[in-house]
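# Commentary on secondary and tertiary structure
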Amino acid sequence: MIPILFAADAETFTSQGIGPLGDAISCEVTEERNGVYELEMQYQVTGIHFEDIQNRCSLEAIPSPYRTRQPFRIYKNSRPVDGSVTICAAHLSYDLNGIPGSAFTAQGMTGAFGGVKA
């Protein structure tokens, strides 16, 4: 699997973004039912896009041979060890974690979506 790097403000993942990370040493996605959905990648410090890999950038990768590409947000880079770094990313759906919402009541679907938006 060759992950694709996107800028932090990317909203669509239909292009090649900043570029594919073909020189990644390894890239593994862990998905547990009702649990974590994360990507861990080993990347060379001599890689072509090493300087572009920053926290909050997105990586798009295929979690398994039977799934479509999924976006992951980088949240941690390790320090270089033996010429490589470990990059950790969580699925993009985790971006809303830690954002509280106020309680509200609603009648029907339209009211519910209006309350969530407010």
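This write-up is about the structure you can find in this document. (Residues numbered from 1 in each chain as written. Predicted model: local features only at pLDDT ≥ 70, side-chain atom pairs only at ≥ 80, totals over all residues. Heavy atoms only, no water.)

## With respect to the pairing of strand 7 (residues 84–91)
Here strand 7 lies mainly inside the structure; seven of its eight residues are buried. The sheet contact formed by strand 4 (residues 37–44) and strand 7 spans seven bridges and is antiparallel. By the bridge assignment, Glu40 is partnered in strand 7 with Cys88. Where strand 6 (residues 70–77) lies against strand 7, five bridges are found, and the strand directions are antiparallel. Looking at strand 7, one finds that Asn77 is bridged to Ile87. In sequence, strand 6 turns back onto strand 7 through a hairpin of six residues, with Asp82 there showing a positive phi of about 55°. (Buried < 20%, exposed > 50% of the residue type's maximum accessible area, 1.4 Å probe, protein only. Helix = DSSP H or I, 4+ residues; strand = E, 2+ residues; numbered from the N terminus. Pairing = 2+ DSSP bridges.)

## A few points about unusual backbone geometry
Residue Asn34 is not a glycine yet carries a positive backbone phi of 55°. Mapped onto the elements, Asn34 comes out in the loop between strand 3 (24–31) and strand 4. Phi at Arg56 takes a positive value of approximately 80°, unusual for a residue other than glycine. Taking relative accessible area as the criterion, Arg56 reaches 47% and is therefore assigned partly exposed.

## Here's the deal with the sheet that holds strand 6
Pairing is antiparallel across the open sheet formed by seven strands, whose spatial order is 2-1-5-6-7-4-3. Every interior strand has two partners, whereas the edge strands, strand 2 (19–20) and strand 3, have only one. Where strand 1 (residues 4–6) lies against strand 5 (residues 58–61), three bridges are found, and the strand directions are antiparallel. Directly across from Leu5, in strand 5, lies its bridge partner Leu59.

## Focus: the side chain of His49
Looking at where His49 falls in the secondary structure, it is placed in the loop between strand 4 and strand 5. Residue contacts for His49: discarding those within four places in its chain leaves Leu5, Ile18, Gly19, Pro20, Leu21 and Tyr43. (Contact = heavy atoms within 4.5 Å.)

## Brief notes about the packing of aromatic side chains
A complete count under the given rule lists two aromatic pairs for this structure. Ring centres of Phe6 and Phe13 lie 4.9 Å apart, and the angle between their planes is 90°; on these two criteria the pair is classed as edge-to-face. On the basis of relative accessible area, Phe6 is assigned to the buried category, the value being 3%. The buried category is assigned to Phe13, whose relative accessible area is 18%. Taken together, a centroid distance of 5.4 Å and an interplanar angle of 80° make the contact between Tyr37 and Phe72 edge-to-face. Here Tyr37, found in strand 4, pairs with Phe72, found in strand 6; they are 35 residues apart in sequence, far enough to count as distant. Take Tyr37 and Phe72: they sit in the same class, and that class is buried. (Phe/Tyr/Trp six-rings, centres within 6.5 Å; stacked < 30°, edge-to-face > 60°.)

Geometric values such as these leave the question of function open.
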